[in-house]
Amino acid sequence: MVDLLPAWLADGLGDEALFWFGYLTDGRHLAWYSSVQFTLIAALLGGLCALGFGLLGAGMVGSRALPVRLFGKAYVNMVRGVPDVLFFLFFPLAFEQGVEWMASSVICSPEDIAANPGRWPPCPAANWILGTWEYLLLASVSLGIVYGAFTANVIHGALNAVPRGQIEAARAYGFSASQVFWRIRVRQMWIYALPGLSNVWLLLIKATALLSLLQIVDIVSWAGRLGAPNFTPSAGLVHPDWRWYYYLVLLLFYVLLTFLSEKGFAALTRWAGRGMAVAEARA
Amino acid sequence: MNLLDAIFADIALMARPALFNIYFAFAAIPLGFLFAVLLALGKASHNRLTSAFSRGYIYAFRGSPFFIQLFMIYSLVLSLNIPLWRPWGISWLMLSPLFLGPAILMLNTAAYTAEILYGALRTIPKGEVEAGRAFGMSRLQQFRFVTWPHMIRIAWPAYTNEVVFLFHATALVYFTLPVIDNQQDLMNKARELFERDYNVFLHFSVAAGYFLAISLVIFFIFRRIYRRLMAHLPAEPDRRIRYAPRWL
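Chain B is annotated in an unreviewed UniProt entry as Polar amino acid transport system permease protein of Devosia enhydra. Word for word, the UniProt comment on chain B under Subcellular location (unreviewed entry) is "Cell membrane". According to its UniProt record, chain B has this under Sequence similarities (unreviewed entry): "Belongs to the binding-protein-dependent transport system permease family."

As recorded in an unreviewed UniProt entry, chain A goes by the name Amino acid ABC transporter membrane protein 1, PAAT family (TC 3.A.1.3.-), listed as coming from Devosia enhydra. Listed under Subcellular location (unreviewed entry) in UniProt, the entry text for chain A is "Cell membrane". Check the Sequence similarities (unreviewed entry) section of the UniProt entry for chain A; it says "Belongs to the binding-protein-dependent transport system permease family."

### Some details on the pattern of salt bridges
Residue and element names in this part refer to chain B. One pass over the structure, following the stated rule, counts six salt bridges over all chains. Between R62 and E115 there is a salt bridge; the shortest N-O distance is 3.8 Å. Within this pair, whereas R62 is found in helix α2 (residues 48–63), its partner E115 is found in helix α6 (residues 97–122), the two being separated by 53 residues in sequence.

### Section: helix α5 (residues 66–81) of chain A
In a regular helix each residue adds 1.5 Å, so 16 residues correspond to 22 Å; α5 of chain A covers 23 Å between its end C-alpha atoms and thus fits that length. Along α5 of chain A, the positions that sit buried rather than exposed are G72, Y75, V76, M78, V79 and G81 of chain A.

### Focus: the UniProt feature "transmembrane region" (unreviewed entry) in chain B
UniProt's entry tags residues 20–42, 63–84, 90–112, 163–180 and 200–222 of chain B with the feature "transmembrane region" (unreviewed entry), counted in the numbering of this structure. Note that residues 200–222 of chain B is 100% helix and 0% strand, and that its end C-alpha atoms are spaced 33 Å apart.

### Notes on the nonpolar core
Formed by 152 residues in total, the largest nonpolar core has its most connected members in Y147 of chain A together with F67 and F204 of chain B. Among all residues touching F204 of chain B, those that are not within four sequence positions of it are L86, L89, F90 and L93 of chain A together with M187, A190, R191 and F194 of chain B.

What counts as what
For every chain, the first residue of the written sequence is number 1, and numbering continues from 1 along that sequence. The naming scheme follows written order: chains are lettered A onward, ligands numbered 1 onward. The predicted nature of this model means local features are confined to residues of pLDDT at least 70 and side-chain atom pairs, given and counted, to a pLDDT of 80 or more, with totals for whole chains, interfaces and linings taken over all residues. Calculation of side-chain values draws on the structure's entire complement of heavy atoms; hydrogens and water are dropped beforehand. UniProt positions are given in the numbering used here, feature names are shortened, and annotations may be inferred rather than shown by experiment. Any Lys or Arg side-chain nitrogen located within 4 Å of an Asp or Glu carboxyl oxygen qualifies as a salt bridge. Helix and strand definitions here come from DSSP, where helices need a minimum of 4 consecutive H or I residues and strands a minimum of 2 consecutive E residues; each element is numbered from the N-terminal end. Here the expected length of a helix is defined as 1.5 Å per residue gap, with one fewer gap than residues. Buried, partly exposed and exposed residues are distinguished by accessible area as a fraction of the type maximum, computed with a 1.4 Å probe on protein chains only: under 20%, between the cut-offs, and over 50%, respectively. Within this scheme, the nonpolar core is defined by two criteria: the residues are buried Ala, Val, Leu, Ile, Met, Phe, Trp, Tyr or Cys, and they are joined through side-chain atoms within 4.5 Å. The contact criterion used throughout is that any non-hydrogen atoms of two residues lie within 4.5 Å.

Structure below.
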């Protein structure tokens, strides 16, 4: 990357600055910077999934059918007692095994299964080897499941926070039940849901630090690799254990992400609350 | 039945690892709470420097993942081993996961708890503090007899949730810190058992059951304490501790 600098800038920077610029833009560092994509993709996809699961969960909790309501409540309360990291590891592994089980019932011959008692997968042909992108997708879905439960809580509360007068007014105009739900409740709930959704989003972006547990080479694993002490000159700059500098950079990255998200949600709240008395009272 | 035997075998195997999670959480709580009170008072302080430090600390620790904090502080402590800990002869303490785990959890929970306490601090009616001052109370007495009782009652339900979350955060400790001999926690044990027979449903469900059961015990104990704290106030229709996740 040093070669790409214009000559006047390279001369002006001095040798030391150039050296550090070269170090920070070598191939491994560039790979580190580009691995931010996994974090951001997981956050965005996970956020979308969480919103979907949240709407679904809120619908189930508010449902009139008892079994559906019970299932919804069980889902929403699940995050109460169990750490997110457990779900985060469990769901992709369970999904992988489920697919392998289905594949094995088609591919594997009975002899193969008999030759492999108590092993997983039942026969080598049914082994599904996941790459980074598959794991990323599964990680996003499991983030969506965990934080969807939080989102469902928020949306359920927000749906009930819509002033009764508005709903009665809609009914008085002759809106049907589904029209009241979609055109009044769902339209009006966002302003009440946004503060809660902002918090769920902040939790979710922090949970994206766990991607490395699913063998995704994300910013956390790269930071560990780059900071590890290096004593062989052929492998690059010789330096002692610098890991904590790299992790400090990650910490600041997440603080920055949090800061930007807060600003973004503040703008979103202003936008969603335009013309509403409640937003002015809150601001 | 075969499955039932397997479940009971797992429950027996994970009893000891569960103690490590409980130890991590409960070793972090007392100092974390004390530090949080100081941070909350610092954030509310009129002293520019104290306030800025407390605000910065709380924002940094609440704005970044606990997983990264674990990595960062652990590698920082490791790199200080040769210049500091070894000459002082405290390597055995500083590098022990049984010390470092609770220490890092303590730094993390202090920030979250401080934000809760700070929120409670702001709800204290000015009149009460003024009344205390009119009685001729010193600053310390004002805190002890006016601010503190009010703050702890307002903050208790949110603090309950924080303690449960702290307990859940202990699941991450051994993903970063070294596992020495059989000092394993629930997640570590579940993963070890999983790698042995690939039965993800059994082992992870039993681990989840342990987390759930201990979380319920925490809720129960904290609710009892809350009832005691509120015993002198007229009963309200709904004073249950409601679950709310770590709202920022």
